[in-house]
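Tertiary structure, described
One-letter residues, chain by chain:
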Amino acid sequence: SRSSLLSTMGSDSFSSATDEFAKLFHEKPIKRVGCLGAGHVGVSMIAVMAKKMPDVQFMIFDDNPAVVCACQSGQLPFYEPGMQDLIDSLRGKNLHFTSSIQSTVQSSQVIFVCINTPLKTSGVGSGRAADLSGWENMARRIAENSQGECKIVVECSTIPVTTGETMRKVLHAVGDAAKYEVLCFPSFYRGGTALVDLESPTRVLLGAHDTPAGVIASEAITKLLSNWIPRERIVHSNLWSAELSKLAQNAMKAQRISSTNAVSALCERTGADLTEVMRVVGSDSRIGAGYLRSCPGIGGPTLLSNLAMLVYLCESLQLAETAEYWRMVMKMNEYQKKRFCDNIVNTMVNIKNKKIAILGFAYKSDTSDARESPAIEICKTLLDEGGKLAIYDPQVSVEVIANNLNGYHPLQITHARSAEDAIKDAHAAIFVTEWPEFSKIDMRLACASMAKPPFLFDSRGLFDVEEMERLGFQVYRIGKSNRSA
């Protein structure tokens, strides 16, 4: 086992790990850490590490000079509550940004790799299989810039199964096999609460090979993390288990969201209230209350792509029934998005040339990320119907919105300066993202400022239906029977 290997390791036990690797990392502190990828995962994780370990130097590399410049100049390319202030307090002290992979690799004992894993866009498994070319490329560049020095390479973010093995093979082919050890450290934090989740995690997972070198590397990273994470919260596993754990967790979160959305459709037909039903369901300690709220569909950069990867993995292992099970979760998500869009169109009957307020474009609150946001399909449906959209989101940029709606006539889309600005003179207000500021809108004034009859479509359960009806709205809320529209 891992503990027995550690306890029995002496100077004669390093043949498999190599004397050089053992001398550098066995019971030696880590003082220089690099990160490849200045995205949300890499910057958030390394910033918290830098805060917790002021005596360790951290360097973050990115291929995109604009991203590096933004991080260096004090304007992060993404929004995460509290992150900008944290970066500002660390930049130039023990946290640095660079566009030189050579300096990052050469100066670091440990290298965290935090890059995206898109789905393949062509070839076998297109749209379902993970595209690991980026990971292969990073492994090759690490080996080419290491100058023969030993490195611990840690794969982070959402990692498809076999990523670590893919990197290991490239590192061993390009460089000296005995000088590298690949570990897996999946990110479990939530966008929007990254600082809280990273500073006080309920648990973290570290995967490694059960070999002398793997155990040495795992213990070195465990000591690094235990500067602020209690050791009992650091869970150890083999590499494959760590990779599959993250994939399985995201798939089960997606399954839970789709299950809730399936119940929401039933509630609307029977007169039940989803909020009341899920309050009862979530009170069962065997189930819990997480991910039991209504939504217009799954969004974000990971859940749907992870589901697709899991389906493809099951198919490649000839687990047809298992693949079909997870495929149904994806089908339910598509059904929910279409159902919400159809309800808007059918309720309003005619949308052509009508102003429609879109409140929220991010896939969830407290993030600037609009990847796979349900707002995209909602907007496209309404634009196809000839509607004129006034879109407001407090964090998603005009450029991101425009890129996601590319191909539509610009006169059909305006970017509102506030929620009230978007709602004024609109025929309908569609609440897509659960931004806290939306609950502070004076809905009486909003209703008075709208064209008549005013429609309210609530995809997140933000408003009390009866109260909104008394104000004069015709209301549709996911998970509640529609009586007024």
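Residues numbered from 1 in each chain as written. Predicted model: local features only at pLDDT ≥ 70, side-chain atom pairs only at ≥ 80, totals over all residues. Heavy atoms only, no water.

**A word on the overall build of the protein chain**
Across its full length, the protein chain holds 19 helices and 14 strands. In terms of overall dimensions, the protein chain is globule-like: its C-alpha atoms have a radius of gyration of 25 Å, near the 23 Å expected for 485 residues. When its C-alpha atoms are laid out on the principal axes, the protein chain stretches across 80 × 50 × 45 Å. Taken across its 485 residues, the protein chain has 52% of its residues classed as buried. Across the protein chain, the fraction of contacts at a sequence separation of at least 24, relative to all contacts at a separation of at least 6, is 76%. Each charge class in the protein chain can be summarised by its mean position, and for the 51 positive and 52 negative side chains these summaries are 2 Å apart. (Helix = DSSP H or I, 4+ residues; strand = E, 2+ residues; numbered from the N terminus. Rg over C-alpha atoms; globule rule 2.2 N^0.38 Å. Buried < 20%, exposed > 50% of the residue type's maximum accessible area, 1.4 Å probe, protein only. Contact = heavy atoms within 4.5 Å. Lys, Arg positive; Asp, Glu negative; His and termini not counted. Charge placed at Lys NZ, Arg CZ, Asp CG, Glu CD.)

**Quick look at the packing of helix H11 (residues 239-270) against helix H12 (residues 274-282)**
Packing of H11 against H12 leaves a shortest axis separation of 10 Å and a crossing angle of 135 degrees. As summarised for this structure, H11 and H12 are arranged oblique, according to the angle between their axes. The hand of the H11/H12 crossing is right-handed. Residues Thr260, Val263, Ser264 and Cys267 of H11 form the contact with H12, whose own contacting residues are Leu274, Val277 and Met278. Split into classes, the residues belonging to the contact of H11 with H12 amount to five nonpolar, two polar and no charged. (Axes fitted to C-alpha atoms, helices over the stretch in contact; angles between N-to-C directions. Parallel < 35°, antiparallel > 145°, perpendicular 65-115°, else oblique. Left-handed = near helix turned anticlockwise from the far one by under 90°. Nonpolar A, V, L, I, M, F, W, Y, C, P; charged D, E, K, R; others polar.)

**Some points on the packing of H11 against helix H13 (residues 303-316)**
It is the contact of H11 with H13, at a shortest axis distance of 9 Å, that shows an interaxial angle of 115 degrees. Judged by the inter-axis angle, H11 sits roughly perpendicular to H13. Judged by the sense of rotation from one axis to the other, the crossing of H11 with H13 is left-handed. Note on element contacts: H13 touches H11 through Leu303, Asn306, Leu307, Met309, Leu310 and Leu313, opposite Leu244, Leu247, Asn250, Ala251, Lys253, Ala254 and Ile257. Residues belonging to the contact of H11 with H13 are distributed by class as follows: 10 nonpolar, two polar and one charged.

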